[in-house]
Structure formats: C-alpha cells, structure tokens
Amino acid sequence: MKKRTETNIDKLKNQRRLNVEEQIAVKKNQIFSEAKYWRINGIPQPLRQIFLEKGVDIDKSIIIEYEQNFHGISTDEGIILTPHAEFFKFDVDLNSDKTELIELYSLTNISVKFEINEHKKGIGKTYGFLAMKVLRELNNE
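Every value quoted in this text rests on a predicted model; they were computed, and no experiment measured them.

> Quick one: what's the story with the overall build of the protein chain, residue by residue and with numbers?
In terms of helices and strands, the protein chain carries four helices and four strands. In the protein chain, which comprises 141 residues, the proportion classed as buried is 38%. Within the protein chain, contacts between residues separated by at least 24 positions form 41% of all contacts whose residues are at least 6 apart in sequence. Carbon and sulfur atoms make up 47% of the accessible area of the protein chain, which totals about 9000 Å².

> Kindly report on helix α2 (residues 20-41), identifying the contributing residues and their values.
Compared with an ideal rise of 1.5 Å per residue, which puts 22 residues at 32 Å, α2 spans 32 Å between its outermost C-alpha atoms and is within 8% of the ideal. The complete set of buried residues in α2 reads E22, I24, A25, V26, N29, I31, A35 and W38. Two or three places before E21, at the start of α2, stands the capping residue N19, its side-chain oxygen 3.0 Å from that residue's backbone nitrogen. Downstream of α2 by a residue or two, G42 has a phi angle that is positive, lying close to 75 degrees.

> I'd like to hear about the packing of aromatic side chains, residue by residue, with values.
A complete count under the given rule lists six aromatic pairs for this structure. Seen in terms of ring centroids, W38 and Y66 are 4.4 Å apart; in terms of plane orientation they differ by 45 degrees. Their pairing is tilted. Taken together, the positions of W38 in helix α2 and Y66 in strand β1 (residues 62-68) put the pair 28 residues apart, joining distant regions of the chain. Since its relative accessible area comes to 12%, W38 is described here as buried.

> Describe the pattern of salt bridges, naming the residues involved and giving the relevant values.
Per the counting criterion, the structure on display carries four salt bridges. Between K28 and E137 there is a salt bridge whose closest N-O contact spans 2.7 Å. Separated by 109 residues along the polypeptide, K28 in helix α2 and E137 in helix α4 (residues 127-138) bring together distant segments of the chain. Its relative accessible area of 36% is what places E137 among the partly exposed residues.

> Explain the sheet that holds strand β4 (residues 101-109) to me, using residue names and the numbers behind them.
The four strands lie next to each other as β1-β2-β3-β4, forming an open sheet whose pairing is antiparallel. On the outer flanks of this sheet lie β1 and β4, each paired with one strand and no other. Ignoring strand direction, the axes of neighbouring strands in this sheet form an average angle of 15 degrees. In this sheet, strand β3 (residues 87-94) lies alongside strand β2 (residues 76-81) in antiparallel orientation, the contact comprising six bridges. Paired with I80 across the strands is F88, a residue of β3. Sitting on the sheet, α4 touches β1, β2 and β3, and the angle it makes with β1 is about 110 degrees.

The rules we used
Residues numbered from 1 in each chain as written. Predicted model: local features only at pLDDT ≥ 70, side-chain atom pairs only at ≥ 80, totals over all residues. Heavy atoms only, no water. Helix = DSSP H or I, 4+ residues; strand = E, 2+ residues; numbered from the N terminus. Buried < 20%, exposed > 50% of the residue type's maximum accessible area, 1.4 Å probe, protein only. Contact = heavy atoms within 4.5 Å. Areas by Shrake-Rupley, 256 points an atom, 1.4 Å probe, with all protein chains shown as cover. Expected span 1.5 Å × (residues − 1). Polar contact = N/O pair within 3.5 Å; in protein donor to acceptor, adjacent residues only side chain to side chain. Phe/Tyr/Trp six-rings, centres within 6.5 Å; stacked < 30°, edge-to-face > 60°. Salt bridge = Lys/Arg side-chain N within 4 Å of Asp/Glu carboxyl O. Pairing = 2+ DSSP bridges. Axes fitted to C-alpha atoms, helices over the stretch in contact; angles between N-to-C directions.

See below:
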C-alpha cells in the first residue's frame, strides 16, 4: 500500500466521497496532528499537575481532543488517552494566562465509550483503535 503523505491527506480532506481506507487515513491524521501538537507545545502546567496527581503519565499519554476558551463554558476541556488504554475527559477552568487552576469540574474515565477494534464491519478500524495506534507511534513502541 502506498504511504500517505501530508499532501495526500490534504487532498483526501477536500474530497466529498472517501472509501473506508481513506476515511481511516483522514481520521488517523486528525488524531495524530492533535496529539503531536500538544506533545510539542505542552499542556498548561495546572492541567499537567491534575493528571500527575491522578497517576496519569502525561509524557506517555496523548491529548486527542482539547478545546480552549469557549465563551459561556469552562476554559479548557478535552480527552486524554493514557498508555494503559484509558480515556479521560477533563473539564477545568484556568485563569486567562493558563497558569492557575480556578476549578476542576471533572476528570472522568470514559474508556467504556471507546471501542478498540481493528476490524469493525462497515467502518474498519475504530476511533479508539486509531488513537491507540497513534499513541504507540508517538511513544515509539
């Protein structure tokens, strides 16, 4: 199979119809891009401290979703995947420069919501499987 380059992924994103293999490639690229961004740039220190206190190895985990500064809701929320295949949803308020925790609303294990399956009829690889694959790639496993 031909290896997907970033240019190929960009072309796929703009297509209306994608086969299952192409949909998986686009989805995996989205997960990889988000995870790599937060690996390179780091997460705010108060959020990092919350994860460390809960026993999450932040350096071996990946952020697969992270939204910041939406009006009318908490400042930071998202999902982290740990090396133990646990998905945690977090919802916190941080100060404007992201240096202090104002309030931790929730840190919930939502692993049961993610199926980790390489061969699911009709969709191929599940989102959970792709996230685990990205985690292993970024951890060089």
